[in-house]
Each structure stands twice: as C-alpha cells, then as structure tokens.
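So you can see what is in the structure, the chains are spelled out below.
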Amino acid sequence: MDFNNFTLAVDGDGIALLTWDMPDRSMNVFTEEVMDEIEAALDSLVADEAVKGIVFTSGKAGSFTGGADLKMLGRMLGDYRKLEASDPHAAMTQLFDRCGRMGALWRRIETCGKPVVTAIDGTCMGGGFELALACHGRVATPRAKMGLPEVKVGIFPGAGGTQRIARMLDAQAALQFLLKGEAIGAEKALAMKLIDKVAAPEELVETAKAMLKAGIPAVKPWDQKGYKLPSGPVYSAAGAQLWPAVSSLYRKETQDNYPGARAIVKCVYEGLLLPIDLGLKVEQRYFASVLRSTEAAMMIRSLFVSMQELGKGARRPHGIADRQPKRIAVIGAGFMGAGIAYVSAMAGIEVLLVDRDMAAAEKGKAHSASLMADRVKKGRAKEADAEALLSRITPADGYDGLADVDLVVEAVFEDRKVKADVIAAAAAAMKPGAIFASNTSTLPITGLAESFPEATRFIGIHFFSPVDRMMLVEVILGEKTGDEALATALDFVRAIRKTPIVVDDTRGFFANRCVLRYMSEAYDMVVEGVPPAMIENAARMAGMPVGPLALNDEVAIDLSRRIMQATMADLGEAAVDKRHFDLVNRLVDAGRLGRKAGKGFYDYPAKPAKKHLWPGLKELYPQQNAEDVDVKELQQRFLVTMALEAARTMAEGVVTDPREADVGSILGFGYAPYTGGALSYIDGMGVKAFVALCETLEKRHGERFAPIPLLHEMASAGQTFYGRFRPARQAEAA
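Everything quoted here is computed from the prediction, not taken from an experiment.

Parameters at a glance
Every chain is numbered independently, its residues counted from 1 as its sequence is written. Note on the predicted model: pLDDT of at least 70 is required for a residue's local features to be given, and 80 or more for side-chain atom pairs to be given and counted; whole-chain, interface and lining totals, by contrast, use all residues. Only heavy atoms go into the side-chain values, all of them from the structure, while hydrogens and water stay out. Numbering goes from the N terminus for both helices and strands, where a helix is a DSSP run of H or I of at least four residues and a strand is a run of E of at least two. The globule rule used here is 2.2 Å times the number of residues to the 0.38 power, and the radius of gyration it is set against is calculated over C-alpha atoms. When a residue's accessible area, from a 1.4 Å probe over protein chains only, is under 20% of the maximum for its type it is buried; when over 50% it is exposed; and in between it is partly exposed. By definition, residues are in contact when any of their heavy atoms lie within 4.5 Å. Per-residue and other accessible areas were derived by the Shrake-Rupley procedure at a 1.4 Å probe size, with only the shown protein chains allowed to occlude residues. Neither His nor the chain termini are counted; the positive set is Lys and Arg, and the negative set is Asp and Glu. Lys charges are placed at NZ, Arg charges at CZ, Asp charges at CG and Glu charges at CD. We define a salt bridge as a side-chain nitrogen of Lys or Arg found within 4 Å of a carboxyl oxygen belonging to Asp or Glu. What makes two strands pair is DSSP finding at least two bridges between them. When the strands point away from the viewer, a crossover counts as right-handed if the route from the first strand across the helix to the second turns clockwise. Domain limits in this description derive from either an automatic procedure or a database domain assignment. All residues other than Ala, Val, Leu, Ile, Met, Phe, Trp, Tyr, Cys, Pro, Asp, Glu, Lys and Arg, Gly among them, are scored as polar; the first ten of these are nonpolar and the last four charged. A patch consists of residues whose relative accessible area exceeds 30% and which take part in no salt bridge; residues with like charges are grouped when within 9 Å of each other, and nonpolar side chains (Val, Leu, Ile, Met, Phe, Trp, Tyr) when within 5 Å. UniProt positions are given in the numbering used here, feature names are shortened, and annotations may be inferred rather than shown by experiment. Axes, fitted as lines to C-alpha atoms, cover a helix only where it is in contact. Angles between the N-to-C directions of the axes lie from 0 to 180 degrees. Under the rule applied, a polar contact is a pair of N or O atoms within 3.5 Å (in protein, one hydrogen donor and one hydrogen acceptor; residues adjacent in sequence only if both atoms are side-chain atoms).

1. Considering the overall build of the protein chain
Next, step 1: In terms of regular secondary structure, the protein chain is built from 31 helices and 20 strands.
Next, step 2: For 734 residues, the compact-globule estimate of 2.2 N^0.38 gives 27 Å, and the protein chain sits close to it at 28 Å.
Next, step 3: The burial tally for the protein chain puts 54% of its 734 residues in the buried class.
Next, step 4: Here the contacts in the protein chain between residues at least 6 apart in sequence split such that 72% fall between residues at least 24 apart.
Next, step 5: Counting every atom, the protein chain has about 31,300 Å² of accessible surface; 53% of that belongs to carbon and sulfur.
Next, step 6: Seen as two clouds, the 88 positive and the 93 negative side-chain charges of the protein chain have centres 4 Å apart.

2. Looking at the pattern of salt bridges
Opposite charge on two side chains permits them to pair, given that their charged atoms come into close proximity.
Next, step 1: Under the counting rule described, the total for this entry stands at 52 salt bridges.
Next, step 2: One salt bridge connects E32 with R75, and the closest N-O pair in it is separated by 3.2 Å. With a gap of 43 residues between them, E32 in helix 1 (residues 32–47) and R75 in helix 2 (residues 70–84) connect regions that are remote in the sequence.
Next, step 3: Assessed through its relative accessible area of 38%, R75 is described here as partly exposed.
Next, step 4: For the salt bridge of E521 with R637, the shortest nitrogen-to-oxygen distance reads 2.9 Å. Here R637 lies in helix 25 (residues 631–652) and E521 lies in helix 20 (residues 511–528), a separation of 116 residues in the sequence.
Next, step 5: Given the relative accessible area of 0%, E521 is considered buried.
Next, step 6: Taken together, the shared-partner salt bridges in this structure form one network comprising R517, E521, D524, E528, D577, R579, R637 and R704.

3. Some details on the pairing of strand 15 (residues 435–438)
Next, step 1: Every second residue of strand 15 is oriented toward a common face, with I435 and A437 on one face and F436 and S438 on the other, all of them buried.
Next, step 2: Sheet topology places strand 14 (residues 407–410) next to strand 15; four bridges connect them, and they run parallel. Bridging from a neighbouring strand, E410 pairs with S438 of strand 15.
Next, step 3: In terms of handedness, the path from strand 14 via helix 17 (residues 416–429) over to strand 15 forms a crossover that is right-handed.
Next, step 4: In this sheet, strand 16 (residues 458–463) lies alongside strand 15 in parallel orientation, the contact comprising three bridges.

4. Details of the domain arrangement of the protein chain
For an interface, size is often stated in terms of accessible area lost upon the parts coming together.
Next, step 1: Domain boundaries assigned for the protein chain yield domain 1 (4–291), domain 2 (325–505) and domain 3 (510–652 + 654–722).
Next, step 2: The interface is formed by 14 residues belonging to domain 2 together with 11 residues belonging to domain 3.
Next, step 3: Where domain 2 meets domain 3, there are one salt bridge.
Next, step 4: Between D570 and R416 there is a salt bridge, and its shortest N-O distance comes to 3.5 Å.
Next, step 5: When contributions to the side of domain 2 that touches domain 3 are tallied by element, the ones reaching two or more residues are strand 17 (472–477) and strand 18 (499–504).
Next, step 6: Looking at the side of domain 2 that touches domain 3, its residues break down into eight nonpolar, three polar and three charged.

5. What about the sheet that holds strand 7 (residues 137–140)?
Next, step 1: Spatially, the six strands line up as an open sheet ordered 1-2-3-5-7-10, and their pairing is mixed. Strands at the two margins of the open sheet, each flanked by one partner only, are strand 1 (6–10) and strand 10 (197–198).
Next, step 2: The sheet contact formed by strand 5 (residues 116–120) and strand 7 spans four bridges and is parallel. If you follow V117 over to strand 7, its bridge partner there is G137.

6. Concerning a nonpolar patch on the surface
Next, step 1: Side chains of Y235, L273, L274 and L278 sit close together on the surface and give an oily, nonpolar patch of about 400 Å² of accessible area.
Next, step 2: For Y235, a relative accessible area of 64% corresponds to the exposed category.

7. Brief notes about the pairing of strand 1
Next, step 1: Across five bridges, strand 1 lies against strand 2 (residues 15–20) in antiparallel orientation. In the sheet register, T7 faces strand 2, and the bridge partner there is T19.
Next, step 2: What sits between the antiparallel neighbours strand 1 and strand 2 is a turn of four residues, in which G14 has the positive phi angle 80°.

8. Quick look at the UniProt feature "domain: 3-hydroxyacyl-CoA dehydrogenase NAD binding" (unreviewed entry) in the protein chain
Next, step 1: Taken from the UniProt record, the annotation "domain: 3-hydroxyacyl-CoA dehydrogenase NAD binding" (unreviewed entry) applies to residues 328–505.
Next, step 2: Strand forms 22% of residues 328–505 and helix 40%; the C-alpha atoms that close the span are 24 Å apart.

9. Regarding the sheet that holds strand 9 (residues 184–185)
Next, step 1: Ordered in space as 4-6-8-9, the four strands form an open sheet in which the pairing is mixed. Every other strand in the sheet has two partners, leaving strand 4 (63–65) and strand 9 as the edge strands with one partner each.
Next, step 2: Pairing of strand 4 with strand 6 (residues 123–125) involves two bridges; the strand directions are parallel. Directly across from S63, in strand 6, lies its bridge partner T123.
Next, step 3: Here helix 5 (residues 127–134) sits on the sheet in contact with strand 4, strand 6 and strand 8 (145–147), set at roughly 85° to strand 6.

10. Points about unusual backbone geometry
Next, step 1: At the junction of S465 and P466, the peptide bond is cis and its omega measures out at -5° in the coordinates.
Next, step 2: Although it is not a glycine, D24 sits at a positive phi angle of roughly 65°.
Next, step 3: Using a relative accessible area of 83% as the deciding quantity, one classes D24 as exposed.

11. What about the side chain of T641?
Next, step 1: Locating T641 in the fold gives a position in helix 25.
Next, step 2: A distance of 3.2 Å separates the side chain of T641 from the side chain of R517, its partner in a polar contact.
Next, step 3: Filtering out sequence-adjacent residues up to four positions away, T641 remains in contact with R517, E521, Q636 and F705.

Rendered as structure tokens:
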C-alpha cells in the first residue's frame, strides 16, 4: 500500500506500526489527504487477520502533530458560503458532514475491534490528541505536550474531545481542561489518567508494542455494559450542585462572548445525558454551528493564521540572508532591559548587559536569576537550565564589549537627552554593520536616529511589560531605516519567540495610540458621572481583560500626566482634553499614583484583602443614576474608540497590513479577542454598519466618534480592511 504521509510495517508478532511523517513539513497536520490515508490504512489493517494490534506514531522527533490544518476549515467554510447562496439546505448538509469526518474516523478506530495504541513524542494538539483519546492505549515521552487548544482560536474540540474527556474525567475537571485549552505535560496527563505510560523517546514504540502484547481491551469503558460516568448522572444531587455553578462561572469568565466556549459547556452537559454515539452527534452539530460564526472566522484568522504568518517573518524584506544575532548588548539593566536580557538568554543568545555601574548591571542579571528560580521551583526548568541561562548574561559597566555584538538594544530611561547620550556613546564603540535598536514606547525613532552616525542601521524595537510574558513586539521604522536593520530586528524577535508587527514612526506608534483611547474614554465616563464600577464592568463585558481604570493604575497615573504634558508641549494645549488633565491632576496631587503607590483609581490594602475602587472617586463628579446608564453603549464606546484609532493608523500608513493591526491589538492591549482584533471588529459587523454606529455615538458623545473619510469611502464601495489593504505577501503574489 502506497502512502504519501505514512509508512506501514507489520512485525512478526502481528503488530502494525503506522508512522506519520508528512514530507516538506516540519510538523504533521491533519489534511483531507491525511485522513484519506488513515482511513485506507485502517481498512487494510482491520481486514488483515494477521494484524493483532496497531501502534500509531510520528516519524518527526519531538512532534506528533499540531492538530488540524485550520486552512482546511477555511476551505470548508468557503465551499459552504458558495453553495449557501444557491442552496442553503445542501450547503448546511455538506458542512455538517464534513465537520463530522474526523470524529467519525476516530470513532471507527475506537470500535474497529483491534487494540490501537498511540505513541506520542513531543507536541500532540487538537485533533491529534482527540485521535489519541479514541485509541485504546496511550504512551508518551517525558517531553510530550498534549492538549485541546481549539477554544483559544474561536472553536472547540469537535472530533470527540468534549465527549471523551467528559467520560474520562469528572465533569468539573473536564470543563476546566476544555475551557482553558492549555497544554499539559506527560506527568500531569498520567496523573489525570489521560495517558497510560511514560517512556523515554528511544523506548516509546517498544513500550507501545509491549502494551499490545500484554493485552489491552479493544473496547472503551463507555462502550461496555454497566459503565458509569465519573461524576455520576447529570440529573443527580451532585449534578444539581455542579451545573448551576458551571453556568455562573462560565458567564463570569467569558461574558458569553465566545461561541466556542459556550458550545463546550452545552456539549458536555447534553452529551453526558446520552450514549456516546448520540453525544458525538450533538458535538458535531454544535461544531458546524460555531464554525459558521463571525467570532470563529475572525479568531482563526488572527490568532492562528495571521499570528503564524507574522511569527514566520511575513514582513521580512526579501533577498537578505539570515540576520539572527548570536550575541547582543542590552544597555540599561532596569526592569525592561533586564527582561530583554532574560528572553534573549532564554533563546540561547549571548547577552552583554550594560549599566552605569556593575552594581546596577548585576541587579539586572539578578532579575533573570529570580525568574529562573521560580521556574525551577514550579518544575518548569532544572537547576542546570538556570545555570546555563545565567552564564549567557555578562554584566558590564562600560561599552568596550559592544565591538563584538551584532545588535545593540537600548532600554534606558524614556528621556530624549538621556537616550541621545547613550546612543552616541554606544555608536562609537560598535562594530561596522551592527544594528542599533531603541526600546521606546513614545519617542519618535527618526528623531532618536539623529544621534546615530548611520540612520539606516537604526530601528525601534518596542517591548511590552513584563517582557517575559508579553508576546507582542513593535518594530518601528524610522524615515531612513534600512532593510538590513528591519531583517535583523525581525530575526531577533523571531529568535526570542515573540510576535512582531512592523509600524511606521509616529507618536505612540500603534498599540499605545489605541490603548490610550481606551483609558481616555474611561476618563470621559468618569467626568460624565458614570458609576466607576459600571465603567470597569462594562469594559470586561465588552471582552477586555482589564478595566481601563485598573489598567491606568498599573501603567501609573503620574505617567499618564507626563504623557499629557509632553503632548501639550509638542502639539499645544488643545491636544489634550482639559477635563482629563484635571482628573489625573486631582489624583496625582492627592498622591494617588496607581498600584505602585498603593492607591490610585483603586485602593490596594494589605493582603489578603483585595483591591477595590476608591470610594472617593465617585465624589469628584455628580453621579448618574445607574439605572439610566446604557451598559451596552458603554461597551460599544470602548470597542469603537479603539477600532477607530486602529483605522486611523491604517489611513495614515502607520500600519499597512491589517494582520498586524489585529494581532497587535489583541497581544498588545488585549482588545476583545473574540472579535479577532480591532479591524476585524469593523470587518465582522461590516464597515457600513460600523460607520452607522460611529455616527450614532458621535451624536450622543461628540466628534471623537466621527468616522474618518477612509471608512466612509470603504462603506460606499462595500470594502473590508482585508480586501482593501491586502496582507503583504498576498499582494506580492497577485
């Protein structure tokens, strides 16, 4: 039997080894062809009486599968949309059947009558883990990572995942596993009884074969008479306690914004009332429904397709050889610089960490030691890993070592003169051709580049805090930044496993421009007398991870005042709303600087007490009656003001690729992920509908909501952002 993606061998004991190794791919993924070949192999092996059992494994070391090719889902939806226009019933039938293809195949493996064991090395996600769950046994290596992450991209495990997990774990644990979408290691999977054994990579296949030789049932527990659910029946005293609480917690955590998460709860609840085959049918129906949702389409595009494309260098200039730096220097060992040094060393890059004296530089290195100690304590790293990482960071109090580095990242205090002095001194010590990058959140790169002798080698790399946790990096182009500098910056960002977006030089770049609109809208609401709790709750209901007042406390309210002062100094007093300036002045003058001061918009009492909104805040302005406030409109105001700012950045050419605006808005400031990002929020509802919403808000709240000319033009032409501003590589290919 000939396969493109598999090899098949049967040993003398009658055990078949089916090895998955897709050509020209670094990781196996499920495609239509792969499923066809699995089905053909299964037909052959089940029919062959000499075959006593089957081991399913991967030929790629360190990886079993990343799951389904989500582009395949895109093709399914595309076919559905085409047919829907002429025959809606046939379109829905076709989509439903295709959504059930993988689940039906896994169910066939489960009931084929011969025992099947999955041997997992490394990554095993999504449909691959659903395959493993359908097999009669599972062996994994210590480095295996398994999970069902579909909920994070707007869908849910639709090939049996909700039904098998809910029959292997108690309902509460199953829901947590499914709704979090997190990967787990082999030891935890073993403890949860989601796998049966852990074996070293070199012993993996033999361990799987040994399981088959020892004899394992070819029938799953739920297909056997007398099977009982781990949590007992849904309609029971225990169920009566669990399910109302599930409903409440689900809404608290998701605000019911995610159709995929909602479907998980429904699938588990309804599926556990039924035999497994009917439960799988329920899951299939919900999957077909969720797949057609706007949220799923936008989240898949932004959080899977676009993020992968940007992470792989979609904006990288053509024709330039790999510029990934082997050794860098970070100037400034404060919180940001120390974080940059840590993520660089974590990626295997040698780091020279420079500060004004050795004490400051050593303190910066100690930040990495603290982070690694925490990882070791939690079992995420070994002592040897910590020692190796720290050996890659060399503290220094001078610029002598800059002659040996490929990239210098400056992360000193956000002051033009301080940065200019550092840039000039570093330039004198750097080797020819090395690239200089400034980590700045507000200062224009073009102006900073004036202190560097060769502006083509100068670029901005804006990290977000805390560096070790925030995935986004803004790569900022000055007027004269060259392709070599851009390629180096993107290769560096890829090496440290962050997602880059490329933006043009402007005040606030992209992310800060948008997030400042979020906080500014909250200032308006405070001044209007909207009860502060409603402001925070409405933002979270809209899908934001943190309320704007809490976010401002984290950023620091005195920093907000400095930004306003700098804006007025550069652009005139009219550039800042006087009411906003008055509000932050009142707080700063009262010593309410934010979390760092223990008080801001919130009060931060000593633990174990929790933070709470400052009662005096509502006394600053006359309060509206809460019953008269339109909460839905508050949500719209937050999402619309940020989306409008994102649209302005596109109109101004600050951002040129809609993927970067969407991914940047989600990773940079948590723009409601279910929308797919700030521009997808507009495209999702339609530009014409968005313009109408802006005009309604403009009439009620002022000209800041006025739709920009670009939006009027797009609405008249029936355009979308992804249609008008085609992603870079797609446009080149056209």
